[in-house]
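# Structural description and commentary
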Amino acid sequence: MTRLIYPLDGLKAHPPSLSPAYTSTVRRAPSKPLILLPHSLTEVTGPVYGHDSVVPSEADLTRQHAGEPLGERIIVTGRVLDEEGRPVPDTLIEVWQANAAGRYIHVKDQHPAPLDANFTGAGRCLTDSDGRYRFVTVKPGAYPWRNHHNAWRPAHIHLSLFGHSFLSRLVTQMYFPGDPLFPFDPIFNSIPDGAARNRLISRFDLSVTEPEWALGYQFDIVLRGRQATPMEEPHDD
Amino acid sequence: MMTEPLPPAHELTPSQTVGPFFHFMLTPKAYGVREIFMADLTQEGPGGDRLRIEGRVLDADGAPIPDAMVEIWQADANGAYAHPASPKPAVNGFRGFGRCPTDAHGAFAFDTIMPGIVPTFPSSCHADLFCRPRRPCRRPGSSTGAARPARHAPGSRRCEGPLGVHHPPWRRR
């Protein structure tokens, strides 16, 4: 039977499952080596969504309520590419974030910072034919968490992407340049390689910035590509 | 398989935890946000044998993980995916993708249909688990392993929880 094996080298960019400084990995990380499972058509395909899946207004998180949210209005844009440098068009990006005060609308977030009646903090959009996406939102605030004494998360936006197939599925976080909390954050630092960590920091861009309206940030995202090696494998049943 | 020369490699964007607060975007029904992915794939109107997949996500102590999310991706009853790489098109309207958060007991459930056999490939139902702090764990089950659908393979992670599709014996190859 022919099966597909995807090259694994690039996956070293990801954080290991066990990052003891991030305490909830301790009971949730596998204690044994992962099993390499050959891929089938199931993994080299993945959900595809047309433009009917997404409403254009969902990409503007500042216009989802009667009024405008408080905070620093920002534009976040970039391109989604694969490892071979090709744009990934028509792929769904879902984003979620805290408000400008560092509070999530989530019912379980009990941080005593104010909620904003004009901000949910959830958005989605599709990349265009060049792989480009664009969101308008407010800059999220830093917030405390209980990982360790005086623990604070650097300001970040969560992103979820699909890409070409289920192999390229990615959930990650985008950070902002110059955040003083980087050295203290076990989640950011769970990525072993400094260069890989820096790929999660967006770049301020004056050309994206709109005069008298909003600061602009660029954040490109690279997903797994389409390369896979077919291999013959004995039937295991 | 790629045959043409490739442009210079771009380095992958690392993953980060999905965190505990994803629900208001990824499974947002309770937050008044338009929901586009559900745990009931039968609403898309596919033909085929009904299938219900239930499971729990547990940590190393066997404690429920209440803030995880499971996604499934599968072919329709004829073994076709709603994807350009599929050798044949999926039945109209069936996307074959579902998403379900775990509840306070770590439990999740999908209502779907039995995926058909895919030509030249083992039929399978693909599942990804997302849970703080983990990035996706992949859990393909295959028809060849359907009687033991990759659910407790040696070294498997308890954090993945049991999930698999049991093909009836007459469907197995």
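Residues numbered from 1 in each chain as written. Chains lettered and ligands numbered in written order. Predicted model: local features only at pLDDT ≥ 70, side-chain atom pairs only at ≥ 80, totals over all residues. Heavy atoms only, no water.

Right, let's talk about the overall build of chain B for a bit. The helix and strand inventory of chain B stands at one helix and six strands. Ordered by position from the N terminus, the helices and strands of chain B form the series α-β-β-β-β-β-β. Every one of the 173 residues in chain B was classed for burial, and the buried ones make up 57%. Sequence-distant contacts, at least 24 apart, represent 66% of the contacts inside chain B between residues at least 6 apart. Surface exposure of chain B reaches about 7100 Å², of which carbon and sulfur atoms provide 55%. (Helix = DSSP H or I, 4+ residues; strand = E, 2+ residues; numbered from the N terminus. Buried < 20%, exposed > 50% of the residue type's maximum accessible area, 1.4 Å probe, protein only. Contact = heavy atoms within 4.5 Å. Areas by Shrake-Rupley, 256 points an atom, 1.4 Å probe, with all protein chains shown as cover.)

With that settled, the discussion passes to the overall build of chain A. Assigned secondary structure in chain A consists of two helices and 13 strands. With 237 residues in all, chain A has 56% of them scored as buried. In chain A, of all internal contacts separated by at least 6 residues, the share reaching a separation of at least 24 is 71%. Carbon and sulfur atoms make up 58% of the accessible area of chain A, which totals about 10400 Å².

This next bit is on the packing of aromatic side chains. Evaluation of the coordinates by the stated rule reveals 18 aromatic pairs over all chains. Summarising the aromatic geometry, the rings of Phe37(B) and Phe97(B) are spaced 4.9 Å apart at their centres and angled 80° between planes, so their arrangement reads as edge-to-face. One end of the pair, Phe37(B), is in the loop between helix 1 (23-26) and strand 1 (50-56); the other, Phe97(B), is in strand 3 (residues 97-101), with 60 residues separating them in the sequence. For the pair shown, Phe37(B) and Phe97(B) are each scored as buried. One aromatic cluster is present, formed by Phe162(A), Phe166(A), Phe37(B), Trp73(B), Tyr81(B) and Phe97(B) through successive ring pairs. In this structure, Arg153(A) packs its charged tip against the face of Trp145(A), placed 5.9 Å from the ring centre. Over the ring of Phe162(A) we find Arg169(A), and its NZ or CZ is 4.2 Å from the ring centre. (Phe/Tyr/Trp six-rings, centres within 6.5 Å; stacked < 30°, edge-to-face > 60°. Lys NZ or Arg CZ within 6 Å of the ring centre and 35° of its normal.)

For the rest of this paragraph, the subject is the pairing of strand 3 of chain B. Residue and element names in this part refer to chain B. Extensive coverage of strand 3 is indicated by the burial of four of its five residues. In this structure, strand 2 (residues 68-74) lies alongside strand 3, joined through five bridges in antiparallel fashion. From the neighbouring strand, Val70 faces strand 3, where its bridge partner is Cys100. (Pairing = 2+ DSSP bridges.)

On to the side chain of Arg153(A). Residues and elements named next belong to chain A. Along the chain, the position of Arg153 falls in strand 7 (residues 151-153). Residue Arg153 is classed as buried on the basis of its relative accessible area of 3%. A distance of 2.8 Å separates a polar atom in the side chain of Arg153 from a polar atom in the side chain of Tyr175. Only 2.9 Å separates the side chain of Arg153 from the side chain of Asp185, close enough to count as a polar contact. (Polar contact = N/O pair within 3.5 Å; in protein donor to acceptor, adjacent residues only side chain to side chain.)

On to the pattern of salt bridges. Counted under the stated rule, the structure contains 19 salt bridges over all chains. Across the pair Glu58(A) and Arg124(A) runs a salt bridge whose closest N-O atoms are separated by 2.8 Å. Linking Glu58(A) in the loop between helix 1 (41-44) and strand 2 (73-82) with Arg124(A) in strand 4 (residues 122-126), this pair joins segments that are 66 residues apart in sequence. Relative accessible area serves as the criterion here: at 12%, Glu58(A) is assigned to the buried category. When the shortest N-O distance is used, the salt bridge between Arg95(B) and Glu44(B) registers 3.3 Å. Linking Arg95(B) in the loop between strand 2 and strand 3 with Glu44(B) in the loop between helix 1 and strand 1, this pair joins segments that are 51 residues apart in sequence. Via salt bridges that share partners, Glu94(A), Arg169(A), Glu71(B) and Arg99(B) belong to a single interconnected network. (Salt bridge = Lys/Arg side-chain N within 4 Å of Asp/Glu carboxyl O.)

Quick look at the pairing of strand 4 of chain A now. Residue and element names in this part refer to chain A. Taking burial as the measure, the five residues of strand 4 include five buried ones, the bulk of the element. Alternating residues of strand 4 divide into Ala122, Arg124 and Leu126 and Gly123 and Cys125, and every residue in both groups is buried. Of the strand pairs in this sheet, strand 3 (residues 92-97) and strand 4 are connected by five bridges, and their pairing is antiparallel. Its bridge partner being in strand 4, Glu94 is matched across the sheet by Arg124.

Residue and element names in this part refer to chain A. Strands sit in the order 4-3-8-9 across an open sheet of four strands; the sheet is antiparallel. Both outer strands of the open sheet, strand 4 and strand 9 (170-175), are each paired with one neighbouring strand and no more. Going across the sheet, the axis of each strand differs from the next one's by a mean of 25°, ignoring polarity. (Axes fitted to C-alpha atoms, helices over the stretch in contact; angles between N-to-C directions.)

Time to look at a nonpolar patch on the surface. Residues and elements named next belong to chain A. A cluster of nonpolar side chains, namely Phe204, Leu206 and Leu215, defines an oily patch on the protein surface of about 280 Å² accessible area. Within the secondary structure layout, Phe204 lies in strand 10 (residues 203-204). On the basis of relative accessible area, Phe204 is assigned to the partly exposed category, the value being 37%. (Patch = residues over 30% accessible without salt bridge, like charges linked within 9 Å, V, L, I, M, F, W, Y side chains within 5 Å.)

Quick look at the side chain of Gln173(A) now. Along the chain, Gln173(A) falls in strand 9. At 3.1 Å, the side chain of Gln173(A) forms a polar contact with the side chain of Arg153(A). For Gln173(A), the side chain forms a polar contact with the main-chain oxygen of Thr17(B), separated by 3.0 Å.

Let's shift gears to unusual backbone geometry. All names here are of chain A. Even without being glycine, Asp90 reaches a positive phi, approximately 55°. Looking at the secondary structure, you find Asp90 in the loop between strand 2 and strand 3. With phi around 55°, Glu212 is a residue other than glycine that occupies positive phi space. On the basis of relative accessibility, which here comes to 87%, the residue Glu212 falls in the exposed class.

Time to look at the confidence of the model for chain B. Residue and element names in this part refer to chain B. On average, residues of chain B carry a pLDDT of 74, and 68% of them reach 70 or more. Looking across chain B, the model is least confident in strand 6 (residues 134-142), with a mean pLDDT of 44, and most confident in helix 1, with 96. The model gives residues 137-173 a pLDDT under 50, and that stretch makes 117 contacts with residues more than four places away or in other chains. Scored as a complex, the prediction yields pTM 0.86 and ipTM 0.91. (pLDDT = per-residue confidence, 0-100.)

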